[in-house]
Amino acid sequence: MEHVIPGSQIRADSRQDTYTLEAWQQAGKWFSYDGHAIFSRMAGKGSPLVLLHGFPTASWDWSRLWPMLASGHQLLAVDMLGFGFSDKPRNYVYSIEDQADLIQGWIEGLGLDSVHLFAHDYGSSVAQELLARDQEGSLSFDITSVCLLNGGLFPEVHSPLFIQKVLKSPLGGLISRGLTRGSFERNFRRLFGDRNPPAQQDLEDFWHLLTYNNGRGILHELIQFMEERRCHRNRWVGALQNARQPMRLISGAADPVSGAATVRRYRELIRNPDVISLRNIGHYPHFESPWDVFSAYRDFRAGLES
């Protein structure tokens, strides 16, 4: 099943119904993971919905969708280790498996019996690892459903930007520490569709999240997840193929990194694929076109309850 939604004509950067970055941080709480401080946000009532963010950003990616989802769900989001307002230790072996340990431990610590997952980009790989653990019977909670946004679900069709390739190379440490705001903005803009590009304030906020607490110094370490995707390809793709949970992929079709090619591969490999394509929307559909993403997610969840 696949639906195509035309790109919205309305700019998505109105901030009246969203949170400023400062307000987002002030409303958060921190908890400890292996001695490191992890930033979290929780709000709303209803069934628990865990929101998993992408690279190189943070939970604030969900801010435009947050008030819409909070009316019917208990929302739970973190800045994973090395991202956003969470600690960014040097000389740390960052991995998807470790981030999955963080998320698993957090959910278990909250005493939740079941959760729904909504994941983007890097967070999609974390969701795949959690699904694999669910299939192995190693989780103490149930994953009720999974919704995925743009991400490198299938490494064979993932097309990283040149800057991402360089960060992953042996020169990555130098490139990471020397990354300028101008270079970041030029590359980050490329990820967005033409209809709703990021405003200047958005770019300032994303840059602040990236550089907070010396974030530039570890980008080359965080980005090694691309190699993890290749190494664990069979495990993580198999987790999607063997999932017992309802799944939906909501994809910004204009994403140059993990857009149309990922959708085609998803339809080839996943049984009865449920796909929503958003025209003229790029890699951050929940930030570019939050109403369309909310509508697609609302319909997905309504289908589960009917």
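One structure accompanies this document, and this report is about it. (Residues numbered from 1 in each chain as written. Predicted model: local features only at pLDDT ≥ 70, side-chain atom pairs only at ≥ 80, totals over all residues. Heavy atoms only, no water.)

### Observations concerning helix α8 (residues 200–211)
Thinking step 1. Between its first and last C-alpha, α8 extends 16 Å over 12 residues, near the 16 Å set by a 1.5 Å rise per residue.
Thinking step 2. Here α8 has its buried residues at D202, L203, D205, F206, W207, L209 and L210.
Thinking step 3. Elements in contact with the buried residues of α8: α1 (21–26), α7 (181–189), α9 (219–222) and α13 (285–288). (Helix = DSSP H or I, 4+ residues; strand = E, 2+ residues; numbered from the N terminus. Expected span 1.5 Å × (residues − 1). Buried < 20%, exposed > 50% of the residue type's maximum accessible area, 1.4 Å probe, protein only. Contact = heavy atoms within 4.5 Å.)

### Re unusual backbone geometry
Thinking step 1. Following F55, the chain continues into P56 via a peptide bond in cis, with omega recorded as 0°.
Thinking step 2. Along the chain, P56 falls in the loop between β4 (47–52) and α2 (66–70).
Thinking step 3. In the Ramachandran plot, N91 falls in the positive-phi region, its phi being about 55° despite a non-glycine side chain.
Thinking step 4. Looking at where N91 falls in the secondary structure, it is placed in the loop between β5 (73–78) and α3 (96–109).
Thinking step 5. Phi at N213 is positive, roughly 55°, even though this residue is not glycine.

### Observations concerning the packing of helix α4 (residues 122–136) against helix α11 (residues 233–241)
The relative placement of two packed helices comes down to the angle between their axes together with the axis-to-axis distance.
Thinking step 1. Between α4 and α11, whose axes approach to 8 Å, the crossing angle comes to 70°. Here α11 runs roughly perpendicular to α4, going by the angle between their axes. Where α4 abuts α11, its residues S125, Q128, E129, L131, A132, R133, Q135 and E136 lie against R235, W236, V237, G238, A239 and L240.
Thinking step 2. Class assignment for the residues of the contact of α4 with α11 results in 6 nonpolar, 4 polar and 4 charged. (Axes fitted to C-alpha atoms, helices over the stretch in contact; angles between N-to-C directions. Parallel < 35°, antiparallel > 145°, perpendicular 65-115°, else oblique. Nonpolar A, V, L, I, M, F, W, Y, C, P; charged D, E, K, R; others polar.)

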